Amino acid sequence: MTEEDKKNAAAYWKANVRLITWSLVVWALVSYGFAILLRPLLAGIPVGGTDLGFWFAQQGSIITFILIIFHYAWRLNKLDKEFGVEE
Amino acid sequence: MSQYWINMLFVGASFALYIGIAIWARAGSTKEFYVAGGGVHPVTNGMATAADWMSAASFISMAGIIAAGGYGTSVYLMGWTGGYVLLAMLLAPYLRKFGKFTVPDFIGDRFYSRGARLVAVVCLILISVTYVIGQMSGAGVAFSRFLEVSNDVGIWLAAAIVFAYAVFGGMKGITYTQVAQYVVLIIAYTIPAVFIAMQLTGNPIPMFGLFGTHVESGMPLLDRLDLVVRDLGFAEYTADVDNKLNMFLFTLSLMIGTAGLPHVIIRFFTVPKVADARWSAGWTLIFIALLYLTAPAVAAMARINLVDTIYPEGTAQAEAILYEDRPAWIQTWEETGLIKWEDKNNDGRMQMYNDANAAFAPTAQERGWNGNELTVNNDIIVLANPEIANLPGWVVGLIAAGGIAAALSTAAGLLLAISSAISHDLIKTIINPKITEKNEMLAARLSMTGAILVATWLGLNPPGFAAQVVALAFGLAASSLFPALMMGIFSKRVNSKGAVAGMLVGLISTSVYIFLYLGWFFIPGTNTFANVPGEWMFGISPQAFGAIGAMLNFAVAYAVSLSTEAPPQEIQDLVESVRTPKGAGAALDH
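The following paragraphs examine the structure supplied in this document. The model shown is predicted, which means the values in this text are computed figures rather than measured ones.

## Examining the environment of B:Y311
Residue and element names in this part refer to chain B. Mapping Y311 onto the fold places it in the loop between α14 (295-310) and α15 (328-334). Looking at Y311, the number of C-beta atoms within 10 Å reads 23, which means it is buried. Between the C-alpha atoms of Y311 and M352, which are 41 residues apart in sequence, the distance is 8.8 Å. In this view, Y311 contacts A318 and A320; residues no more than four positions away in its chain are not counted.

## A few points about the environment of B:I286
Topologically, B:I286 is positioned in helix α13 (residues 274-292). With 16 C-beta atoms packed within 10 Å, B:I286 lands in the partly exposed category. Along the sequence, B:I286 and B:M487 sit 201 residues apart, while their C-alpha atoms lie 28 Å from each other. If we skip the residues at most four places from it in the chain, B:I286 touches A:I66 and B:G46.

## Describing the packing of helix α19 (residues 393-431) of chain B against helix α20 (residues 437-460) of chain B
When two helices pack together, their arrangement is given by the angle between the helix axes and by the axis-to-axis distance. Residue and element names in this part refer to chain B. Running from N to C, α19 and α20 cross one another at 130°; their axes reach a closest spacing of 8 Å. By the criterion of interaxial angle, the relationship of α19 to α20 is oblique. The element α19 and its partner α20 pack so that their crossing is right-handed. Judged by residue contacts, A411, L415, I418, S419, S420, I422, S423, I427 and K428 of α19 engage E440, A443, A444, S447, M448, A451, I452 and A455 from α20. For the contact of α19 with α20, a count of residues per class yields 11 nonpolar, 4 polar and 2 charged.

## Digging into the interface of chain A and chain B
Each partner contributes residues to the interface: chain A has 37 residues there, and chain B has 43 residues. Contributing elements (two or more residues each) for the side of chain A that touches chain B: α1 (3-37) and α2 (52-82) of chain A. The dominant element in the side of chain A that touches chain B, judged by the number of residues it contributes, is α2(A), at 17 residues. Across the side of chain A that touches chain B, the residue classes break down as 24 nonpolar, 9 polar and 4 charged.

Thresholds applied
For every chain, the first residue of the written sequence is number 1, and numbering continues from 1 onward in sequence order. Just so you know, chain letters begin at A and ligand numbers begin at 1, following the order they were written in. Reporting of local features is limited, given that this is a predicted model, to residues whose pLDDT is at least 70; pairs of side-chain atoms are given and counted only at 80 or more, and all residues count toward the totals for whole chains, interfaces and linings. A run of DSSP states H or I qualifies as a helix once it reaches four residues; a run of E qualifies as a strand once it reaches two. Both are numbered from the N-terminal end. In this scheme the burial state of a residue depends on its C-beta neighbours within 10 Å: 20 or more other such atoms mean buried, 12 or fewer mean exposed, and anything in between means partly exposed; the C-beta positions come from the backbone. Residues are defined as contacting one another if the C-beta atoms placed from their backbone atoms lie within 7 Å. Every axis corresponds to a line fitted to the C-alpha atoms, with the helix fit spanning only the stretch in contact, and the corresponding angles, defined between N-to-C directions, vary from 0 to 180 degrees. These descriptions rest on fixed angle ranges, namely under 35 degrees for roughly parallel, over 145 for roughly antiparallel, 65 to 115 for roughly perpendicular, and the rest for oblique. Here a crossing is taken to be left-handed if its near helix is turned anticlockwise relative to the far helix by less than a right angle, and right-handed if that turn runs clockwise. Residues are grouped as follows: Ala, Val, Leu, Ile, Met, Phe, Trp, Tyr, Cys and Pro are nonpolar; Asp, Glu, Lys and Arg are charged; all remaining types, including Gly, are polar.

Shown next as structure tokens:
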């Protein structure tokens, strides 16, 4: 691996880790946040007979998880091409 | 046609399909046996992984657990899906890039140590064997309930079917049967749910019906449910929980446990490219969500249906149903022992209420109740769902085929993880590296046969703690394999000593904490503390300890690694290489 390749690989990895970090922030916010720890704060927002926290616990977080994975796959596959490291 | 023959027809047809696939998808090489040749389409793999993952517990038990527990049991919904986010971003694509056949393969190579590989093999076998016991007994239960054979005959039948496609087809046979099993189980789960949602809320999509309006009362469904269970002294369905720390840690344990399960991880070795592994994790979660978004709706609606059945005139004032007027489905399931009634106040009526609630005792006394009389097993919620909703007999046949499909697909995936760890990691890598391709294939098939026999034996003689061991499986996966795999990819500094120390600390601390409350080695009566919330350290339940074990693993691994030498240059290069997708195609043919 040349010096140039190494720099490129390091930059790609840094971009990937940044993307992962933000994705995990959202992942934690909807599940541990909205659905569990912050549920009392969302108690005032009614959703079909209960509150938003309950919706996140039973449906919202699962739907968000799907969106996170597809967003991550789409963004990283683009980064693969930008950095020229795709298969 | 009698219900028995309808069930036979559905289960028989699904078996014919699985065996047909077994004949068509025979494995010709170890690469086909271990990773289905590495050419599985990401959507196909997503469907197979969903079936691989969704076990008898997801299909039969989960909705019942949620129905009984309400909001607090959402941990299962989030915990068993959120792990795929971790898998997609932290593990699967890099392990696919690494391009070998098993999970211990990566740990052994990355931590350049036989010891690390061996510890990983031990963790893998402990996790997978404990998990497979539940699948075999789940299959036995499904067979015996629906096909009127004994439990033991059911387990042998399940073993014979898995043998047919797992031993000959390996991962290739398993992949395509899992796709078929997914289709069977999702249809079986969805159809009764759609009918029930229609009846109760007028909305054919259960996940929307859950937050819709209860047609009969005109109230929101969940309000209605809160009201009727409150009338009977139970906690409100949507009520918040007090112990948030435990709920948080329990969810986290299930998530990292899910991401660390070897039989799920190896499914991502079967896709052609690294980018496919990322997409495939997303597809997996979509296919899982089709069931997991329906399950909470089934749970809430079935609980309303159950209360309405017992209190047809309402819960506020009117009396419970007379035993002689009980519907046919209660009679059917009484025979299996899953529903029990004991007339404690001798009034011939079936009172169901929360007799453990001291604040409700005066009300109960006023109404002439002398203790809860009706015991309903959680599994009833799914198993009896079609009958509760008055659906035709063929829907019951579907549930039978679906429950068996869920158990078999997970059992097969677990058995493959066990047998490839034995034939590839123990025999080929540690004992006899010179073994020929043909002999390794034979070793793989013999290991698979051996694993099926052990699983069958354990299914026939369940160690009386099947429910507890599932907690152990997740705790071990969370505290041992997940941190080792993640550090192997995300840190170049963690070395073999750190990884081994970390895995052992995670494994032992989690096992000990579980043993303290559930009995040493699960021997009943040997537990040091009573398994009640008051006795838990910091209020952390044994099931939720996996997350703590994982944190200890990370901490110990870093501390030991930083105080010892850095890994050799070629290992640091290996880490560099798994981080980028480029050049993955060539890596598989090693």
